[in-house]
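Coordinate inspection notes
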Amino acid sequence: MDTRRADAIAELFATLEGLLITYQALPESERPQRWAADAHRITGVVAQQLSSTRSRISSSPIDLGAESA
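Cut-offs applied
Residues numbered from 1 in each chain as written. Predicted model: local features only at pLDDT ≥ 70, side-chain atom pairs only at ≥ 80, totals over all residues. Heavy atoms only, no water. Helix = DSSP H or I, 4+ residues; strand = E, 2+ residues; numbered from the N terminus. Contact = heavy atoms within 4.5 Å. Salt bridge = Lys/Arg side-chain N within 4 Å of Asp/Glu carboxyl O. Buried < 20%, exposed > 50% of the residue type's maximum accessible area, 1.4 Å probe, protein only.

Looking at the side chain of Thr53
Its location among the elements puts Thr53 in helix 3 (residues 39–58). Once you skip the residues sitting within four places of it in the chain, Thr53 turns out to touch Ala8, Ile9 and Leu12.

Re the pattern of salt bridges
Enumeration according to the criterion identifies two salt bridges in this entry. Glu11 is the salt-bridge partner of Arg56, the closest N and O atoms lying 2.9 Å from each other. Of the two residues, Arg56 sits in helix 3 while Glu11 sits in helix 1 (residues 3–24), which places them 45 residues apart along the sequence. Between Asp38 and Arg34 there is a salt bridge; the shortest N-O distance is 2.9 Å. Residue class for Asp38 comes out buried when judged on its relative accessible area of 16%.

Shape descriptors only; they carry no functional weight alone.
Now the structure itself:
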């Protein structure tokens, strides 16, 4: 098992979880306005983390057997 790849995915999920917790903790009536106001920040964080994760997993050897499971 390639722990570097797993660590990269864990970090991606942690980042996404953090965003979800932050923005879902808002009162429901405030969410649309806050999400709209922070849309660039939210998508930027996701894009940056996804790019980082992709580069980290691309530099690791791929175990094709594990990916098809």
